[in-house]
Amino acid sequence: MSENYCPFEERDRDRLPPILNHSLDRGPKLPFPSYGSFISTLNHKRESGSHSLSSPLLLPAVKQVRELPPICPDVRQKHRITIDVLPPEVKARFVSEPIIPIRTKSAKEFQDEVERATISGDWKQVHDFYLTTFDSFLELNGAFKKEANVPFNTIEDSGINIKFVSIVYDTLLHTPADTQKSVLKGIINSLLREWKGPRTKDDLRAYFVLVQNPQYTSPATYVIYAHLLRQIAALAEVDHHFLMHWFKKLPQKRFKQLVERLQLFITTRLFPAKPEELPPMAKCSWWIPSATKVLSLLNAANSISSPPIIPFTDFYNLTLDHIDFMEDYHTWQAHGNSNRFSFCQFPFILSTVVKKAIIQRDSEQQMISMARQTLVDKVSRRQRVDMSLLFLNIKVRRLQLVSDSLDELSRKRADLKKKLKVTFVGEAGLDMGGLTKEWFLLLIRQIFHTDYGMFTYVKESQCHWFSSWKCDNYSEFRLVGALMGLAVYNSITLDIRFPPCVYKKLLTPPIVPCDLDTPVGMANLTLDDLQQLMPDLAHGLGEVLSYEGNVEEDFYTTFQVFQEELGVVKSYNLKPGGDKIPVTNLNRKEYVQLYIDFLLNKSIYRQFAAFYHGFHSVCASNALMLLRPEEVEILVCGSPNLDMGSLQRVVQYEGYSKTDPTIRYMSLEMLLFTLVLQCLLGRGADCSEMTACKLPVSHTCFNQICLPPYKSKKELRQKLTIAISNAEGFGLE
């Protein structure tokens, strides 16, 4: 299709649908509706079965359509005769469902026609197929529905021959321009049809087919695409449920193409390369909300698929990294999920970069607010203002690091939302960020050591997990949760290896309930979650589920499990009387689910509940509602995938160049935590001025290494190893 083709004239572009509806006057039916009629009809909201979008601009209230005029326009009737008052013999019979035309063309027959047209150059037969098929919703069903008279009213099967649809659309892009134009005109015709009452499943099938059209990649087709998306977005919730399940049945390639077209549409509307190609934003402000709502159906389809059809990161729209996302966040905070659209209503579309920035700025605002309140309190009491009161000051001894730290955090709970500053007793270091990083590093290393007893280490998965021993006081778990919250709050990444289910539990729920007795952290976890912590046990339970023999006789187990706590093996019933209930082929799914729930939820409930409340005591923010569990893990631990090439490009060299021998000796891994490399002696200095034992010096506050110009790679590695191995402690030069 020609890129310059636009189905509407330039003068028609200004006749886009108004934001608010007008009454709908029905004129005579035209063979092909005018664009004005197209707009009028598209603005019409069905009287029942429709749901509004999140934006008030999408589906405003619609006035009642006035009754049809008398047959003769000159006659003024006082009373209209309705069908209800006609005698039975005069009443016409109404058809409850439109009759779908019977079309018998197969995918093979269509491909043969295309092949003949390609050879002969005569595309009339193919053109006629497209012209007829896309003329109405009924014709779409006639062409692509597997069996015309079968309802297919299930979420499991759309009833559409998806393979045939794909063939027809793949061919469309290689047909003559007039054929492609006829398809677009046919779609306009289809969207123009007036429908009464709730949509039928055949209507949903038509939408399902139309939204897969590959022509919606050019701004020339965006007016049509926008109206299609608007109608889909305005469907009832039950209709969205059907579409969501049908979308997840699409092949991965088609599914990803749908996502990419929607993302391109949103990006182009936000930042058009040629603004003159699109209507003014004021006239089409409903475009982005409509597209985002349809994209949310695809995201939901992806989320309920196991495994997901595409990575969740494919739903990120990186263009949104460049909008005023804090304004969007404040709009969402003020209006929630009401009729005021914001991207935060659909957080799947926001990248981790945006979400991290929102959380950091939200944290900064809370820090400023806390500091301001402290100052106001001091001034109002006419007390002397000590600037140290503006910070959360942690003072610890290295030899009593854990006890001092937990005592400090316990005593200063009211200050947890202030900026963190750490002091090591007896050391002259000033905390510009480096002391805080070391404090977290050393503290986490000691707390998570198995000798401390709070966490166990699972060698199979190389993960830490909560000890299940019972005690009367779980306050230390609360303080560890607060510690992890402080790291996120102060933008510090931690060397912690939890299984992913921990972050699911931290977001269950994402906002702390007002009622402290409400259970927290009780996530709906599956065998896949257990697999990431205890792969051997998960494999064994999987064997129970897939076993084809007699489970009761061959496994001889009951709804009772055994667990070692502080060297003592204890038994627990998974359900009342579980020790007397055998596991059978019929109840084995229940057994596995109860076992998973016991291990990951119930057996550690009090420990994790304390940990949950500690974390949220620092990180309580609506911004957490925007995050997926995987994104919380990135905030806590940093990205698991490091782009070493990008890191190398941003490193700054002071006194060195990239080509100097000392720099070339360094591997990419050596640059891991370095943003600035500085020559200790200055560029061009004589190496003989150095003493043989001169070691590198690091300024961890600024991710800086001061590196002497060593003579060989071996010497560089030796000196770096010595420096790293003896890196605890701070001093001033």
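Attention in this report is confined to the structure presented alongside it.

Reading the values: the criteria
In this numbering scheme, every chain counts its residues from 1 along its sequence in written order. Residue-level local features of this predicted model are given only where pLDDT is at least 70; pairs of side-chain atoms are given and counted only at 80 or more, and the full residue set underlies all totals for whole chains, interfaces and linings. With hydrogens and water set aside, each side-chain value is computed from the structure's full complement of heavy atoms. Labels follow the DSSP assignment, with helices taken as runs of H or I lasting at least four residues and strands as runs of E lasting at least two, numbered in each case from the N terminus. Only protein chains enter the accessibility calculation, which uses a 1.4 Å probe; a residue is then buried when its area is under 20% of its type maximum, exposed when over 50%, and partly exposed in between. Areas reported as accessible are Shrake-Rupley estimates using a 1.4 Å probe. Residue values count occlusion only from the protein chains shown. Centre distance within 6.5 Å is the pairing criterion for rings of Phe, Tyr and Trp, where only the six-membered ring of Trp is used; planes under 30 degrees apart are then read as stacked, over 60 as edge-to-face, and the remainder as tilted. Here, a charge over a ring means that NZ of Lys or CZ of Arg falls within 6 Å of the ring centre while also lying within 35 degrees of the ring normal. Directions pointing from the helix axis toward each C-beta atom define the arc. Two residues form a contact once any of their heavy atoms are found within 4.5 Å.

**Quick notes on the overall build of the chain**
Here is step 1 of the chain: A tally of helices and strands in the chain yields 27 helices and 10 strands.
Here is step 2 of the chain: The buried share of the chain, taken over its 733 residues, is 47%.
Here is step 3 of the chain: Taken as a whole, the chain presents about 38,500 Å² of accessible surface, with 54% of it coming from carbon and sulfur.

**Brief notes about the packing of aromatic side chains**
Here is step 1 of the chain: Taken as a whole and assessed by the stated rule, the structure comprises 44 aromatic pairs.
Here is step 2 of the chain: Each ring, one from F110 and one from F129, has its centre 5.0 Å from the other, and the planes form 45 degrees; the classification is tilted. In this pair, F110 is assigned in helix α3 (residues 107-120) and F129 in helix α4 (residues 124-133), connecting sequence segments 19 residues apart. For the pair F110 and F129, a shared accessibility class is recorded, and that class is buried.
Here is step 3 of the chain: Between F312 and Y316, the ring centres sit 6.0 Å apart and the planes meet at 80 degrees, which makes this aromatic pair edge-to-face.
Here is step 4 of the chain: Here Y316 falls in the buried class, since its relative accessible area comes to 14%.
Here is step 5 of the chain: Aromatic rings pair up to connect F448, F455, W465, F466, W469, Y474, F477, F498, F608 and F611 into one cluster.
Here is step 6 of the chain: The residue whose ring lies beneath R269 is W287, and the NZ or CZ to ring-centre distance is 5.8 Å.

**Thoughts on helix α24 (residues 629-637)**
Here is step 1 of the chain: Buried residues of α24: E631, V632, L635 and V636, and no others. End-on, the buried residues of α24 take up no more than an arc of 140 degrees, which puts them together on one face.
Here is step 2 of the chain: For α24, the secondary structure elements touched by its buried residues are α14 (352-380), α17 (475-489) and α18 (501-506).
Here is step 3 of the chain: Immediately beyond the C-terminal end of α24, within one or two residues, lies G638, with a positive phi of roughly 85 degrees.

**Describing unusual backbone geometry**
Here is step 1 of the chain: Omega for the peptide link from S306 to P307 comes to 0 degrees, which places this bond in the cis form.
Here is step 2 of the chain: For P307, the location among the structural elements is in the loop between α12 (287-303) and α13 (325-335).
Here is step 3 of the chain: Here T508 and P509 are connected by a cis peptide whose omega angle stands at -5 degrees.
Here is step 4 of the chain: On the secondary structure map, P509 appears in the loop between α18 and α19 (527-531).
Here is step 5 of the chain: For Y556, which is not glycine, the phi dihedral falls at a positive 50 degrees.
Here is step 6 of the chain: Looking at the secondary structure, you find Y556 in the loop between α21 (551-555) and β5 (560-565).
Here is step 7 of the chain: Judged by its relative accessible area of 76%, Y556 is exposed.

**Re the environment of S182**
Here is step 1 of the chain: Note that S182 resides in helix α7 (residues 177-192).
Here is step 2 of the chain: For S182, a relative accessible area of 8% translates into the label buried.
Here is step 3 of the chain: With 48 residues separating them along the chain, S182 and F134 place their C-alpha atoms 8.3 Å apart.
Here is step 4 of the chain: Here S182 is in contact with H127 and L131, once residues within four sequence places are set aside.

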